[in-house]
Each structure stands twice: as C-alpha cells, then as structure tokens.
Amino acid sequence: MSKKIFIDFKRCIGCRACEVACEMEHGEARIRVFEFPDLTTIPFNCRHCEKAPCLEVCPTGALYRDQDGAVAFDPLKCIGCLMCAVACPFGVPKIDEVNKIMDKCDLCSERRAEGKLPACVSSCPTEALKFGEINELLWDREGSFVSRLKEARERGEKEPIYLL
Amino acid sequence: MEELVPVVCPWCSVGCRLYIVSVNGHPRKIEWDYDHPNTPNKGKLCPKGVASYQFTISPDRLKKPLIKRNGKFEEVSWEEAIRYVAQKFKEIIEEHGPEALAFLGSERCSLEDNYVLQKLARALGTNNVEFAGRLCQSSNFVARSKVFGSPAQTNPFEDIVKSKVILVWGYNPAETNPVLFGQYFEKALDNGAKIIVVDPIKTKTAKFADIHLQPYPGTDLAVALAMLNYIIKNELYDRKFVEERTDNFEELAKSVEEYTPEWAEKVSEVPAGMIKRAAELLATGGNATIVLNEGVNQHANGTMTALAIANLIAITGNIGKEGVFSGVIPGAHCGLCAAVPGVNCAQLPGPVPLNEENAKKFSELWGFEVPRKPGLHYQAIFKAMAEGKMKGIFIMGQNPARSLANSSLIEEALEKAFVVVSDIFPTETTKFADVILPAASWYEKTGTVITQNRRVMRSFKAVKPPGEAKPDWEILVMLARELGVGEYFNYSSVDDILREINRAIPALKGATPERLNSNLEGCFYPCPDEKSETPRLFLNGFPTKTGRAQLAPVKWIQPGEVPDEEYPLWLTNFRQVGHFHTGTMSMRSKSLIKRWPEGFLMINPEDAKALGIRDGDRVRVETRRGSLVVRAMVTDRIRKGVVAMPWHWGVNFLTKDDAIDEFSKMPELKAVTCRVTKEVVE
Ligand code: SF4
Ligand code: SF4
Ligand code: SF4
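Because the structure is predicted, anything quoted here is derived from the model rather than measured.

## Concerning the UniProt feature "domain: 4Fe-4S Mo/W bis-MGD-type" (unreviewed entry) in chain B
Those places that UniProt annotates as "domain: 4Fe-4S Mo/W bis-MGD-type" (unreviewed entry) correspond, in this numbering, to residues 2-60 of chain B. Along residues 2-60 of chain B, the helical share is 7% and the strand share 36%, with 26 Å between the first and last C-alpha atoms.

In structure tokens:
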C-alpha cells in the first residue's frame, strides 16, 4: 500500500499553516482549508486515489503513478484538456490559467526524494495531517483505543465497557 | 552558496526553531527543524512561522537613514543621522535634563539589543525606559510576583501533557500559539484531560472546551472571585498544600466571603451553576494547567483578576511540582528579552527593583551612576509628551501610534517631541519621526531569545540586511559614542554583550555564548552556571520572605466603562492567527495578508437583528474616543451584548487610555463600551 496524507478533522484548528507551507513550496496552495460557521475546519487535498479516475481519463499520460504510489503530474505532457478536473470526484485538479495546464498535489515529490515529509505535513502543528500507510495508521488507532479500554479497566471504572 | 541557518521564529513566544535556507545571504525558503526534539515545537510551525521570511524581502523595507527636513524625509549617511540625533539629545539634556528623554525597547528585538538600550538610557541619566510588555503581561507580572515571588512560567511545556485539567482564561492558544496548542494542549486532551475556557467568544480553543464560561469583557474578575468563594466554602482546596506551602489563607478566605457564584452571575452573566462546575473540576479533577493571557491582563482591573487566579492556582496546589503548569504566553516572541534586562521604568537588569542597593550595584558594574529616580511608565511617557514635558524619544521597534490605548491622543503627543525611530518598516509611528534609522530584521542578525517557557536560545544571522540597515545594538553603540558615553559600550559583537549580561544577571550567568552557540536547544532560565538550568520553578519553595506562597486578599473592581444608553454594547478585541500586533510585519507577508485580509466586527445575531445589520454589512463602531468602519460578521460565536474585532487594524482608536490599572499601569484595552450603526452608502 502506498503512503498518503490522512486528515484527522477533529485535531484541526484551521490555522492554515498547511496552505501557507504548500503555497511557499509550489507557488499556489494545493491544499485548502474550509471553515464552517460552527468552527469545523476541514483541510482538503488530493486523495491520491487507489483507482484514480483522473489518471484513468488523462489522454496524454501527464498524470501517472510514481514509485511511492502518489498520483503525480508531468507538466510537459499536459494539454490542459480538463478531463482530470471533471473526473475527480473532489474537484482537486485546478487549471493554471497562465500556463494553460493543470496543477495538483504530488505529495511534494521533491521533498520526498530528499527524505522529507510533504510541506503541509511537516508544518501542521496539531498533527491533523499525517503521512503514512493506511494500515499502519489504522493499526495505531486500534492500538490506542484498545490501550484506553485496558486503562479504564485497570482504573477499575465502574461502568462496564461494551463494544457495540 | 546555499546554507541551512538555524533561527528562532520571530513571532510568538513559543520559541519555535526552524531553518532558513539562504543563498548568498538571501532567503530561498524555510525548512522545518526536526533535528532538535527538545525544542518546544519539535519541528512544527504555524502559518506565521512558515511565512516568516516573507516580510524581510518586502520592497517597503527601510534601507537608508532618513532625516525629516521641511516635512520631507531625506536620505542621509549613518554618520549624519547619528550626529544629528546625538546633538538634539544633548540639547534636550542640557535644557531640560535627561528626564525629558525616553527610550522604548522592543519584544521583537534580541536580549542584547534591549540590554544595550536600557543601559544607554541609564548612562544618559534617565529611567524612562519601557516596552510594550507594559501593555501585555504587566498585570500578571505584578500579581504573580506578589503571590509566588516571581512572575515566571513554572514548568516545561511537557508538563501540560501530563495535566488532567486545563483552565484557559482570556486566552486562545489555538489561534495565538497554534504549535503550543497542537503539540501540548491537544495531546493532554488525547490523554483524557478536561478543558475549561473562559472567554466571551467561542474561539477555536473553546471549540474543544468541556466547560465554556462566557463572561462580559472586564467581568472575569467576578468569575474568579466566585470560584475562590466556592472552592473555599466547600473545602475543595488542597488542604495539605495550603497548610504547608502558603500564608494568609484566612485573609484570602475572608476577602471572598461575599462573592458567591450567584453574585457573579449577576455581574458577568455566567450561570452560577457553570461557575460551580468549573470550580469543582479545577479543584478536584487532578493536576492542572492554568494559563491566561490578554483577556485577563489588558484590563483596568487586570491585576486583581490575575491575583485572584494566582490564588486559585495556589489553593488548588497546582504549582511547585511536576505535571502542572501555569503562566502567561504572550503573543510576542521575546518579551522576556526586554523584561529580563530591565527595560522597565522601575527595574534594573535581572529584573530587580530599582532601589538604592541595586542602583549601587549596577553603578559599580557599569562604571557610571545609575539614576535613582524611577522613570515614567509607557502610557505616562506619552501623557508627558502631550503636555510638552517629554521632549525627545528613541523608539526601537515599537509602534505606539497603534499599540497604545487611544491612538488619536498618542499621535497628538508624537507631534510634540523630537522622535527617533529605528525600525524595519515605515509604520504609523515613523510618520511622526524626525529621524528614521533602518534596522536589521530578526533573521538578519545573531541574537539571544528567552522564550516565555524560559528557554534561552540563540538565533543566527541567515540573511543580509537590505541597504544600510544595521542590528539595533550597533545603532545604539554608534549613538552612545556620539553622545560621549562610548566608553561604557565597548562591544564589537553580540557575544561581547552577552558576556556582560552573564556578569550582570546572575540567573543568566550560565547562558554563555559558547553554550548557546553549540547547543541549539538552549537551556532553561535561571541557569546560574554553564552546567545547570531550571526546568521547573518553586519545587523547594517560593522566592518570598517566608518561602511560602503569599495568598493575597482580593476584591471586586468595576471595569473602566460599563454599557449605558449612549454606548450600549461591550466591545472587546482579539488576535488572528495570521497577524501579529499592529501588522507592521504580518501585513507585508503576502501569504498572510491574502488569507487574513481585513478587520471585521463579530456581532451576535440577536444584536444584529435589533440594529438591522446583516452579515457582510459595513458598520460604524463608535466609542467615546473614536470610530472605525468595518464589515459585520453576524455569528453566534459571540455572546449577546458583546461585539469584538481583531485588534490588528487600528482598534486602539477605540480603546480607553484614562482607566489605568492602579498596580500595573495597564490601560483598559480589552473592555470598552460602544455603539454600532449600519453605514449607509450614499
Ligand atoms: S496546518 Fe493542520 S491544523 Fe492547521 S489548518 Fe492545516 S490541517 Fe488544520
Ligand atoms: S486528483 Fe482527484 S481523482 Fe485524482 S487522485 Fe486526486 S483526489 Fe483522486
Ligand atoms: S507558534 Fe509562535 S513561535 Fe511557533 S511558528 Fe507560530 S508564531 Fe512562530
């Protein structure tokens, strides 16, 4: 399984450090933070789908899967046909109006080549953004839940714990 | 040549480390510092930290010294500018005495810059030396000094994670110190900690709250008194701690007898039941982190509120051990860089009080007589200026035209004196300057910082200053020489200055250039020798006369203004994550100004409806001092009866200068009354 950026909305404080970090790295922020009136904040970037519709419809091969599994992008091959933009269920690929080609998250391929985390993940002060392999992350989450169950038991909390 | 230069973030006081990747002295990008896991940020940065070099390359930077002639600024050489300033200052001293001069230091400059500034003021014979800490932490400074013998933040941030209860008072760390919030507060919540937030606004921090109390601005004191009352009356306090480690419990208990939660409900409109729940959780929930900020400090009754909270910390036993935390976390990165070396009208480096004994000690150390008469505090300097008594001022990296209460009055005062400003940008204050000196910005000089967590660290020069800009300490040394006191300022590097500081301030003796240059994680102040540091304070007692915490009686003090028919709404103000203070730097950072473009007014839907205001309307906000026009944001994130604006856009035209805290000299910056009307566009 490839590595991806996972988003834990609960931790996010809408500080937009991820946006600014991405903007400083790529000139334009490819991750965006949406803020709702009730203070829910949702950072959103390319999901690097396992069965990526954008990649499937790209007629020139400008979109491709790189060695780490990211849906990366070769600007030299892009003809600006917008097929990917239409195919993406999340509206991720955006047109770069000046160069008439598409622009999207590539999980910071240059940073990854140097062994660094993607810029947004490097910065995110709350660790709402995590870079990793899905099974590892889920395993972690299971682990922390189970350890909490055990702790509660050890504290002798009166309420019995049911898993529904 | 590409270099990776280690720096400390120039914005807030968390003290995040990062690298600047610089090519031949020009910043190319930042890189996160994941190499020093013991620094507070562990690599992480907020948006201001990420964008932190953008303003340094702004075309607006001041590059040459300027002298105002016939109302116009002309470029001059450094020699001419310094000669001119020195001559004017000498004239003022001869005609009116040194007390007609004032010096302002800065929480944005280094420890060394500030040390040299206060020393120059004192070498010239005046204690009129202040910085914006007066408008920031002074209330808490007074209160905690009284109760604990020291105002300092007590424990390393790691102890926040170990706390079971977090009380956040008048403070919004999720917005003002995001790294602190994400790396420590949220992790405490992961461990099951409960969080109590006291704030009239539903902030990003309040979103995480288990209990959110929303008092009217300026009535936090009532809530704190009621919590004391409830905890004492119901004997929920930490009996052992109170007996062994505090004095004056009876006096304190007596002083809060009348302040029941029901009384506080009437004053603050926080339901008594919620005050009780919060008090109970704080007293019985386990080890607590208790943090506060400007919502407590910036009031004419701020010291009393801070005092009540210090009492709460003491009687619940949440100090002087591991796993608790208390203190303030200012918005500016280096308040302690100015506070510790005594940039204060009544303190000398240490800081120690300005008294005969200390003045004598420093006279011996420095080789000149330290003036004994206390100087004027920040707001009083400008009052004296308005009255024509303060003839000259040297302003280092401060923007009093926007940062002090009642800006119109400050502008009038600045018109009347000989004003010298050293800064990195033209500001609202430089408009009134007679001489402007171009200073190097944070990444353009090497210097020492003391973060609010008392961590002393070095930040290194990563970028070449633009044009002829120079580090502030160099400017001050040139000026000292021209003023004929150069013999006391024989420094050729920041290390020379730091070595003198090592001798002048015992608690910094061990923070030597060698130690800080080779150990980027720095050390916790006090560090009395090169091997030691003090991550936790008060483990073996308090620096008070008896070694025990001095509980202090408290009482209700009315805020500076309360709503009436003419001005029926409370007005308060807050910070935004993307901006810093008066915006001198952050509004010149393109990634920040794009995302946080303008001021606005938060207003509750009920108030808005009554005034016929809809979301996005332009409204005029008016107080007895002035008015501003902004867009309305209609939202139930603010309680009814209160409106609020981010303070970065000129809010001090509305604040109140003539209600001043009697103990800390803090003006009423956070609770004034106003009326709001819809602006009709012709
Ligand atoms: S940096 Fe992290 S906390 Fe801040 S907006 Fe982005 S995801 Fe949210
Ligand atoms: S651009 Fe859209 S479709 Fe393509 S990988 Fe990203 S999220 Fe999936
Ligand atoms: S949290 Fe404070 S110190 Fe850290 S990056 Fe942000 S402004 Fe800088």
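What follows continues from the structure just given.
## Some points on the sheet that holds strand β2 (residues 17-23) of chain B
What holds strands together in a sheet is hydrogen bonding between their backbones, with the strands either parallel or antiparallel. Residue and element names in this part refer to chain B. The 3 strands are arranged β1-β2-β3 in an open sheet whose pairing can be described as antiparallel. At either end of the open sheet lies a strand with only one pairing partner, and these are β1 (2-8) and β3 (26-32). Sheet twist, expressed as the mean angle between neighbouring strand axes with direction ignored, is 30 degrees. Relative to β2, β1 runs antiparallel, the two sharing 7 bridges. Opposite V5, over in β2, you have I20 as the bridge partner.

## Here's the deal with the packing of aromatic side chains
Following the criterion strictly, the structure yields 26 aromatic pairs over all chains and no others. Here the aromatic cluster, defined as three or more aromatic residues joined through ring pairs, consists of Y84, F89, F103, F394 and F418 of chain B. Seen from the ring of W596 of chain B, R16 of chain A lies directly overhead, with NZ or CZ sitting 5.7 Å from the centre.

## Some details on the interface of chain B and chain A
On the side of chain A, 34 residues touch chain B, which itself brings 33 residues to the contact. Both faces considered, chain B and chain A share a buried interface measuring about 2600 Å² in area, 49% of it formed by carbon and sulfur atoms. Its largest share of buried area at the contact with chain A, chain B owes to W32, K204 and R595 of chain B, together 23% of the area lost on that side. Our enumeration of links across chain B and chain A arrives at 9 salt bridges. With its nearest N and O atoms 3.6 Å apart, the salt bridge here joins E186 of chain B to R11 of chain A. There are 16 residue pairs in polar contact (both at pLDDT 80 or more) connecting chain B and chain A. For the side of chain B that touches chain A, the elements supplying multiple residues, two or more each, are β3, α1 (47-50), α7 (178-190) and α23 (590-595) of chain B.

Thresholds applied
For every chain, the first residue of the written sequence is number 1, and numbering continues from 1 along that sequence. Chain A is the first chain written and ligand 1 is the first ligand written, with later ones labelled in order. Under the rules for a predicted model, residues below a pLDDT of 70 receive no local features and side-chain atom pairs below 80 are neither given nor counted, while totals for whole chains, interfaces and linings still include all residues. Values reported for side chains reflect all heavy atoms of the structure, with hydrogen atoms and water molecules removed beforehand. UniProt positions are given in the numbering used here, feature names are shortened, and annotations may be inferred rather than shown by experiment. Starting at the N terminus, helices and strands are each numbered in turn, a helix being any DSSP run of H or I of at least four residues and a strand any DSSP run of E of at least two. By the convention used here, strands pair only if DSSP detects at least 2 bridges between them. Angles shown run from 0 to 180 degrees and are taken between the N-to-C directions of axes, each axis being a line fitted to C-alpha atoms and, for helices, limited to the stretch in contact. Pairing of aromatic rings covers Phe, Tyr and Trp, the last counted by its six-membered ring, and requires centre-to-centre distances within 6.5 Å; plane angles under 30 degrees mean stacked, over 60 mean edge-to-face, and any other angle means tilted. Comment: the charge-over-ring label is applied if NZ (Lys) or CZ (Arg) is within 6 Å of the ring centre and within 35 degrees of the ring normal. Any two residues whose heavy atoms approach within 4.5 Å are treated as being in contact. Summed over both partners, buried area is the accessible surface (1.4 Å probe) that two parts give up on being assembled. Here, a salt bridge means any Lys or Arg side-chain nitrogen found within 4 Å of an Asp or Glu carboxyl oxygen. The definition of a polar contact used here is a pair of N or O atoms within 3.5 Å, where within protein one atom must be able to donate a hydrogen and the other to accept one, and adjacent residues in sequence count solely through side-chain atom pairs.

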